Amino acid sequence: MMNITKNRIRQEKRRRRTGPAVTGAAVLLIVWILSLTWRNHSMEISLREQLCHVILRQFVPGLTGEASEDDGAAGDDAGYEIAADDVFYEGSESSYETRIESEISYEPILERQEIQNAPEAEEGKAEEGKTEEEKPEEGKPEEELAAAASAPVQNRISREKLNDFDYLIQNFYTVDRTTTISSDQLNAGELLEKDCRITKREDGEPQILICHTHASETYLDSVPEDLSTTVVGVGRRLTEILENTYGYHVYHDEGVYDTDRDRAYRVAEPHIREILEAHPTIEVVIDLHRDAVGEDTRLVCEENGVQMAKIMFFNGLSRTTAAGDIEYLPNPYIPDNLAISLQMQIAARERYPGFTRNIYLKGYRYNMHFCPKSLLIEVGAQNNTLQEALNAMDPLANILDTVLGGKES
């Protein structure tokens, strides 16, 4: 008891000696910081935050979650992390971390536009609806998969409601903090009126290109070095269904462009251009991906007793919140990209409720500038099984045929 009392007396004497000195230094720093305002506003803000933290830590340590070593205990971590959900419209969604491409890929963008404190490229997605923890059943018979893929309209979505921008964006979209969008660009009436149909060819020339910017993306039970068990295998399954069941001609590019993931989109671009130049009959480009989420998130739904991975449509807007349009990443087809993804989303929601997550909007381009009907689709995540991802191709193919075939929605 005596030792504790002596410690507290020493701590009080130390505070009394250092308190005036810290206060005096704080006043001088504040005056100096204010003198810099006209020169560097961001420096003023940064230094002010640090100064406030020092003062609070000295005089009111409880507010910072810290305790001095003299107190004989380490403080709890009281830092705060701003989630993406704080800065964009939300529907009934739960947040989690994910990635499309790593942060280093955007260094040229940040350098050219001189954006400071740029948002991290690997965060900010949100899942629609609840997550499910059940262990999936695998190896369902083909007839059950076919039944799951031929669902009639179950949930008619009011076109009148879709014309309400707030309703539309809160229920069908997740807007990443790197970008913004307005009702002028996201006009449901105009997007749904766009003609996304293609005519099936009799000459065998491909109409659809399926590619994989990140061909190395794997699933829970993928076999190392075996592309057939990665997202490429999922692309093979989608190709097979589109050709054999629906009569489309598909070019499946199995090129691997992500040996350096940070440069994957730049590496893939010339190869995709070469394919499109060699096959001018291609009207639809589908970049098939696999998402990455927190391990406690399960992107699984069930159709006719078949467990399958949820999918997500993704659009790049070539616009950052901080600096506006990215002029050197032009995409003249953004309205068309938005149209086909929304039409796909509506068709999916009406036929397969719970199969799709919200359409994700982000600030960059993602090679969606090759043609008007460009789609980037995320199939499940790293903790889905390969079979769940393969099962999801049946309803996805049906949705594609609904939109590309101009069938009543």
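Keep in mind that this is a model prediction, so the values were computed, not measured. (Residues numbered from 1 in each chain as written. Predicted model: local features only at pLDDT ≥ 70, side-chain atom pairs only at ≥ 80, totals over all residues. Heavy atoms only, no water.)

S.K.: How should the overall build of the protein chain be read in this particular structure?
M.R.: Helices and strands together make up the secondary structure of the protein chain, namely 13 helices and 13 strands. Here the analysis covers contacts within the protein chain between residues at least 6 apart in sequence; of these, 81% occur between residues at least 24 apart. Accessible surface computed for the protein chain: about 20300 Å², of which carbon and sulfur atoms make up 50%. (Helix = DSSP H or I, 4+ residues; strand = E, 2+ residues; numbered from the N terminus. Contact = heavy atoms within 4.5 Å. Areas by Shrake-Rupley, 256 points an atom, 1.4 Å probe, with all protein chains shown as cover.)

S.K.: I'm lost on the nonpolar core in this one. Help?
M.R.: Across soluble globular proteins, you tend to see nonpolar side chains buried next to one another. Ile208, Leu288, Val379 and Leu396 are the most contacted members of the largest nonpolar core, which totals 61 residues. Per-element accounting of this core gives the leading share, nine residues, to helix 11 (residues 334-351). Leave out the neighbours within four places in its chain, and Leu288 touches Cys211, His212, Val231, Val234, Gly235, Leu238, Ile377, Val379, Met393 and Leu396. Judged by nonpolar contacts, the second largest core, of eleven residues, contains Cys211, Leu276, Ile282 and Val285. (Core = buried A, V, L, I, M, F, W, Y, C linked by side-chain atoms within 4.5 Å. Buried < 20%, exposed > 50% of the residue type's maximum accessible area, 1.4 Å probe, protein only.)

S.K.: Help me understand the environment of Glu283 in this model?
M.R.: With respect to the helices, strands and loops of the structure, Glu283 is situated in the loop between helix 10 (264-278) and strand 6 (284-291). Overall, the relative accessible area of 30% leaves Glu283 in the partly exposed class. As a C-alpha pair, Glu283 and Pro372 span 89 residues in sequence and 7.9 Å in three-dimensional space. Leave out the neighbours within four places in its chain, and Glu283 touches Ile198, Thr199, Gln207, Cys371 and Lys373.

S.K.: Would you explain the state of the cysteines in this entry?
M.R.: Evaluated as defined, the whole model comprises zero disulfides. Just so you know, Cys211 is unpaired, no disulfide at all, and the nearest cysteine sulfur is the one on Cys371, 9.8 Å from it. Judged by its relative accessible area of 8%, Cys371 falls in the buried class. (Disulfide = S-S within 2.5 Å.)

S.K.: Hey, could you run me through helix 13 (residues 393-404) in this one?
M.R.: For an α-helix, 3.6 residues make a turn, and residues three or four places apart therefore share a direction. Look at helix 13: 16 Å from first C-alpha to last across twelve residues, which is about the 16 Å you get at 1.5 Å a residue. Those residues of helix 13 that sit buried are Met393, Asp394, Pro395, Leu396, Ala397, Asn398, Ile399, Leu400, Asp401, Thr402, Val403 and Leu404. Gly406 occupies a position one or two residues after helix 13 and carries a positive phi of about 65 degrees. (Expected span 1.5 Å × (residues − 1).)

S.K.: Even after reading the chapter, I still don't get the sheet that holds strand 9 (residues 311-316), so can you show me in this structure?
M.R.: What links the strands of a sheet is backbone hydrogen bonding, and the strands pair in either a parallel or an antiparallel sense. With respect to topology, seven strands assemble into an open sheet ordered 3-12-9-13-6-4-5, the strand pairing being mixed. Only two strands of the sheet have a single neighbouring strand rather than two, namely strand 3 (173-175) and strand 5 (250-252). The sheet shows a mean angle of 25 degrees between the axes of neighbouring strands, taken without regard to direction. Note: strand 9 against strand 12 (residues 359-362), three bridges, orientation parallel. If you follow Gly316 over to strand 12, its bridge partner there is Lys362. Its contacts with the sheet put helix 10 on strand 4 (208-211), strand 5, strand 6 and strand 13 (373-381), and the angle it makes with strand 4 is roughly 155 degrees. (Pairing = 2+ DSSP bridges. Axes fitted to C-alpha atoms, helices over the stretch in contact; angles between N-to-C directions.)

S.K.: When you look at the environment of Glu269 in this model, what are you seeing that I'm missing?
M.R.: If you trace the backbone, Glu269 turns up in helix 10. Owing to a relative accessible area of 19%, Glu269 belongs among the buried residues under this scheme. Through-space distance from the C-alpha of Glu269 to that of Tyr366 is 9.6 Å; in sequence the pair is 97 residues apart. Discounting chain neighbours no more than four positions away, the residues touching Glu269 are Arg365, Asn367, His369 and Phe370.

S.K.: When you look at helix 10 in this model, what are you seeing that I'm missing?
M.R.: Compared with the 21 Å implied by 1.5 Å per residue over 15 residues, the 22 Å span of helix 10 between its first and last C-alpha is a close match. Of all the residues in helix 10, the buried ones are Ala264, Tyr265, Ala268, Glu269, Ile272, Ile275 and Leu276. Contacts made by the buried residues of helix 10 are with strand 4, strand 5, strand 6 and strand 13.

S.K.: Help me out: how do you make sense of the packing of helix 9 (residues 231-244) against helix 13 in this one?
M.R.: With their axes 9 Å apart at the nearest point, helix 9 and helix 13 run at an angle of 50 degrees to one another. Classified by the interaxial angle, the pair formed by helix 9 and helix 13 is oblique. Crossing hand, helix 9 versus helix 13: right-handed. Across the interface between the two elements, Val234, Arg237, Leu238, Ile241 and Leu242 of helix 9 pack against Met393, Asp394, Leu396, Ala397 and Leu400 of helix 13. Of the residues assigned to the contact of helix 9 with helix 13, the class counts are eight nonpolar, no polar and two charged. (Parallel < 35°, antiparallel > 145°, perpendicular 65-115°, else oblique. Left-handed = near helix turned anticlockwise from the far one by under 90°. Nonpolar A, V, L, I, M, F, W, Y, C, P; charged D, E, K, R; others polar.)

S.K.: What is the right way to look at the side chain of Lys373 in this model?
M.R.: Assignment of secondary structure puts Lys373 in strand 13. For Lys373, the contacting residues outside a window of four places in its chain are Asp195, Cys196, Arg197, Ile198, Glu283, Val284, Val285, Ile340 and Leu404.

S.K.: Help me understand unusual backbone geometry in this model?
M.R.: Among all residues save glycine, negative phi is the norm, and among peptide bonds the norm is trans. Positioned with a positive phi, Glu225 is a non-glycine residue whose angle comes to about 70 degrees. Inspection of the secondary structure assignment puts Glu225 in the loop between strand 4 and helix 9. A positive phi angle, close to 55 degrees, is found at Asn367, a residue other than glycine. The exposure class of Asn367 is buried, given its relative accessible area of 9%.

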